[in-house]
Each structure stands twice: as C-alpha cells, then as structure tokens.
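Chains, contacts and geometry: an overview
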Amino acid sequence: MLEVPLLGWGWSGPVVWWNPVAGFRHAFSRELRPRPGQQRETLCGQHVTLIDPSELDWLLPTCDICMSVAVEHGREHERREREIRRQLRERFGEGY
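Overview of the structure. All values derive from a computational prediction rather than experimental measurement.

Topologically, proline 61 is positioned in the loop between strand S4 (47-49) and helix H1 (64-92). In this structure the C-alpha to C-alpha distance between proline 61 and proline 20, which are 41 residues apart in sequence, comes to 8.8 Å. Leaving out residues up to four positions away in the same chain, proline 61 has contacts with Gly23, Phe24 and Arg25.

Following this line, the structure appears as structure tokens:
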C-alpha cells in the first residue's frame, strides 16, 4: 500500500533537533523534541542531560559529527520525498 504524507500541506517537522549541551551544539533525533532535564543521546553518540540554553549557549560551536549525521538525515529525507512523489506520479499522473 502506498503511504502518502501530506506533501505540500505545510511543515513536516525538523530533520533533526539541535540543542547546546556539553560545550557544543549537538543534534538529536527528530522523534522527540529536546526539553531541559531530558536524558538524550546525541547523534554523535554522547549521553547528555539537556539544559535550558541561554542565548550565549547557542553561540557554541557545532559538533562536526552531529552536523555530518544531520546532513545525511536531510539527504535521506529528501530521497524519501522524491520517491513518494515518483510513486504518486506513477499512480495518478503528472499532476503530482
């Protein structure tokens, strides 16, 4: 069965969430929005407790590993969207 997300119906959410913690801005999986006090694993594999970041915290450098993984997540998200559009065109014609 073809699973069709609401393409064109607005924002589908982030590819990853970012949060400054442990001296860097780290990325986190998109399934759960970061909240202060949560125990989470960064995309680079660190286990951290999230804080309520200040404006200065957001100026911390970005973790290179998290950025690389986040870019790959974004590419995969784009590939899935292209595949869904291709399936829609095959099924319903070029209007999709």
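If you look at the biggest cluster of nonpolar residues, it comprises six residues: Val16, Ala27, Leu43, Cys63, Cys66 and Ala70. Counting residues in hydrophobic clusters, the runner-up holds five residues, among them Trp17, Phe28, Val48 and Leu50.

Let us look at the side chain of glutamine 38. Along the polypeptide, glutamine 38 turns up in the loop between strand S2 (24-28) and strand S3 (39-41). What makes glutamine 38 buried here is its relative accessible area of 16%. Here the side chain of glutamine 38 touches arginine 40 through a polar contact of 3.2 Å, side chain to side chain.

Cut-offs applied
Residues numbered from 1 in each chain as written. Predicted model: local features only at pLDDT ≥ 70, side-chain atom pairs only at ≥ 80, totals over all residues. Heavy atoms only, no water. Helix = DSSP H or I, 4+ residues; strand = E, 2+ residues; numbered from the N terminus. Contact = heavy atoms within 4.5 Å. Core = buried A, V, L, I, M, F, W, Y, C linked by side-chain atoms within 4.5 Å. Buried < 20%, exposed > 50% of the residue type's maximum accessible area, 1.4 Å probe, protein only. Polar contact = N/O pair within 3.5 Å; in protein donor to acceptor, adjacent residues only side chain to side chain.

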